[in-house]
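Secondary and tertiary structure notes
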Amino acid sequence: MKKTSILKNKTLIIGCGRLGASIANADSLSGKNVLVVDKDSSSFELLSDLFSGYTFLGDVTDLSLLEEAYITSAKEIIIATGDDNVNLFLAYVARKLYNVPKIYVRLDDPSLEILISDLDVEAIYPFELSLDKFSRMRGDK
């Protein structure tokens, strides 16, 4: 079932931990239409008081929940749960079933990137982001 919405250029964020909530807050402040899905209602407490998007509570692997959260018309999806297996599954679903134009997936284990190498999906590695920031802080080249 395809849903239409008056919202344009939707960004769907799956997982509202520190990374997902930070991206949701920044995107919301920049004027993007942000939708956030998480299985734990307390995760939404990480969203800023200025967050103007929508939240959806439930099992992130439930396709009907993802459709309710407008995955069918999302321009981009950021998959940032704390579980690499769930994230890989959702990356496949977003690409193969819903053909979301831009997909970012958080992975803790870099060796898993081979599993998405043919999907046109960007991998996010929190440890690399931290290492890069630390290197810049220290003045390393």
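The sections below set out a description of the structure shown in this document.

Criteria and cut-off values
- Residues numbered from 1 in each chain as written.
- Predicted model: local features only at pLDDT ≥ 70, side-chain atom pairs only at ≥ 80, totals over all residues.
- Heavy atoms only, no water.
- Helix = DSSP H or I, 4+ residues; strand = E, 2+ residues; numbered from the N terminus.
- Buried < 20%, exposed > 50% of the residue type's maximum accessible area, 1.4 Å probe, protein only.
- Pairing = 2+ DSSP bridges.
- Right-handed = clockwise from strand over helix to strand, strands pointing away.
- Axes fitted to C-alpha atoms, helices over the stretch in contact; angles between N-to-C directions.
- Contact = heavy atoms within 4.5 Å.
- Expected span 1.5 Å × (residues − 1).

**Things to note about the environment of Tyr54**
- Mapped onto the fold, Tyr54 is located in strand E3 (residues 54-57).
- In this structure the C-alpha to C-alpha distance between Tyr54 and Ser28, which are 26 residues apart in sequence, comes to 10.0 Å.

**Re the pairing of strand E1 (residues 10-14)**
- Within E1, five of the five residues are buried, which leaves it mostly tucked inside the rest of the structure.
- Along E1, one buried face is formed by Lys10, Leu12 and Ile14 and the opposite face, lined by Thr11 and Ile13, is buried too.
- Sheet analysis places E1 next to strand E2 (residues 33-38), joined by five bridges and oriented parallel. Bridge pairing in E2 links Leu12 to Leu35.
- Once the chain exits E1 it traverses helix H1 (residues 18-29) before rejoining the sheet at E2, and the crossover so formed is right-handed.

**Focus on the sheet that holds E2**
- With parallel pairing, six strands are arranged side by side in an open sheet as E3-E2-E1-E4-E5-E6. Strand pairing shows two members of the sheet lacking a second neighbour, E3 and strand E6 (122-124), which therefore form its edges. Taken pair by pair, the neighbouring strands of this sheet meet at an average axis angle of 20°, ignoring direction.
- Sheet strands in contact with helix H3 (residues 84-97) are E1, strand E4 (74-79) and strand E5 (102-106), and its direction is about 170° off that of E5.

**Side note on H1**
- Here H1 spans 16 Å end to end across 12 residues, near enough to the 16 Å set by a 1.5 Å rise per residue.
- Turning to H1, its buried residues are Gly20, Ala21, Ala24, Asn25, Asp27 and Ser28.
- Structurally, H1 contributes buried residues whose contacts are with E1, E2 and E4.
- Positive backbone phi, at 95°, marks Gly31, one or two positions downstream of H1.

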